[in-house]
Amino acid sequence: MAVFQSLLLLVMLSAVANFASAAGGCSSITFSSNRVYSACSDLPQLSSSLHWSYDAASGNLSLAFVAPPPNPDGWVAWAVNPTAQGMIGCQALIAFRQPDGKMGVKTYNIIGYGPVSEGPIAFQTSGLEAEYVDGAIRMYGKLKLPQGTTTVNQVWQVGATVANGVPQKHDFKPENLESKGTVDLVKEATAVSPALGMASSSTRNKNFRSPNSIMRMHMRMPKPALPQAPVTWL
Ligand SMILES: *[C@@H]1O[C@H](CO)[C@@H](O)[C@H](O)[C@H]1NC(C)=O
């Protein structure tokens, strides 16, 4: 029994190690320009991680989001959704190589399932920057959330293509459809959506009917998950 438990522990630990190294996430990233964050969460989808420092009294959030786009000319996105879980309502930051050839970040208020258009979002932003390092885009920014905010709905995403400066639709694989959850910015804990495969086939089909949609999440949301430890992807 003890042997079995040790083996199981070993398997779980190596799974954690594999995940961490594959993600290049919380355990292994050192940021440039002396950027240091007090909290980090290896997100359960898309080999991505969120790093942040937060002052709830002011609502000042400083964050780095790191994810590998499907190819170097792709995009990565991280968003707060103040009104719902899922895509519609997202106040999104999207990083990609801009038409001038430099990595950059733009803001998008996602109001529908059509193509995204750049524009102001509900939160004051500053310090929006991005860089491409080791096959991943590192997106930096500061958001001013409403004072006292502690938990937010987050949505993250990656896509392969940018056309004429506009991020194009992402894949509809399970990891693209499940890349959302809530993050308690104060407790540094992440509650993730229920495991893969929650999207019903009918909602999947709806997704496929809108080829122009981007950052699309299935519309029938499961019940919100209770806050859970960051290891729920196990
Ligand atoms: C919050 O950010 C604003 C700029 O957006 C800054 O003026 C203010 O000093 C910050 N407050 C704290 C407590 O960090």
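In this text the structure is predicted, and so the values were computed from the model without any measurement.

Criteria and cut-off values
Residues numbered from 1 in each chain as written. Predicted model: local features only at pLDDT ≥ 70, side-chain atom pairs only at ≥ 80, totals over all residues. Core = buried A, V, L, I, M, F, W, Y, C linked by C-beta atoms within 7 Å. Buried ≥ 20, exposed ≤ 12 C-beta atoms within 10 Å, placed from the backbone. Helix = DSSP H or I, 4+ residues; strand = E, 2+ residues; numbered from the N terminus. Contact = placed C-beta atoms within 7 Å. Pairing = 2+ DSSP bridges. pLDDT = per-residue confidence, 0-100.

Colleague: Can you walk me through the nonpolar core in this structure?
Modeller: One broad rule of soluble globular proteins: the nonpolar side chains tend to lie buried together. Within the largest apolar cluster, 39 residues are counted, with the highest numbers of intra-cluster contacts made by Phe65, Ala95 and Met139. The set of elements that each furnish at least two residues to this core consists of strand E2 (49-55), strand E3 (60-67), strand E4 (75-81), strand E5 (91-97), strand E6 (103-109), strand E8 (136-144) and strand E9 (151-159). Apart from residues lying up to four places away in sequence, Phe65 is in contact with Ser48, Leu50, Val76, Trp78, Met139 and Trp156.

Colleague: Is there a simple way to explain the pairing of E6 in this structure?
Modeller: It is a general feature of regular strands that their side chains alternate between the two faces of the sheet. By the bridge criterion, seven bridges tie E5 to E6 in an arrangement that is antiparallel. Its bridge partner being in E6, Arg97 is matched across the sheet by Met103. Joining the antiparallel neighbours E5 and E6 is a turn of five residues, in which Gly101 adopts a positive phi near 95°.

Colleague: Help me out: how do you make sense of the confidence of the model for the chain in this one?
Modeller: Close inspection of predicted coordinates is inappropriate for parts of the model with low pLDDT. Per-residue confidence for the chain averages 78 on the pLDDT scale, and 70% of its residues sit at or above 70. Scored below 50 in pLDDT, residues 193-234 makes 81 contacts in the model with residues more than four places away or belonging to other chains.

Colleague: Is there a simple way to think about unusual backbone geometry in this case?
Modeller: Residues other than glycine predominantly adopt negative phi, and peptide bonds predominantly adopt the trans conformation. A positive phi angle, near 50°, is found at Ser47, a position not held by glycine. Summarising the element assignment, Ser47 is placed in the loop between strand E1 (39-42) and E2.

Colleague: Sorry if this is basic, but what is going on with the environment of Lys187 here?
Modeller: With respect to the helices and strands, the residue Lys187 is situated in the loop between strand E12 (180-184) and strand E13 (189-192). Looking at Lys187, the number of C-beta atoms within 10 Å reads 11, which means it is exposed. With 37 residues separating them in the primary sequence, Lys187 and Thr150 have C-alpha atoms 8.3 Å apart.

Colleague: How should I be thinking about the environment of Ser53 in this particular structure?
Modeller: Structurally, the position occupied by Ser53 is in strand E2. Measuring from C-alpha to C-alpha, the distance between Ser53 and Lys142 comes to 9.5 Å, with 89 residues separating the pair along the chain. Setting aside residues no more than four positions away along its own chain, Ser53 makes contact with Tyr37, Ser38 and Ser62.

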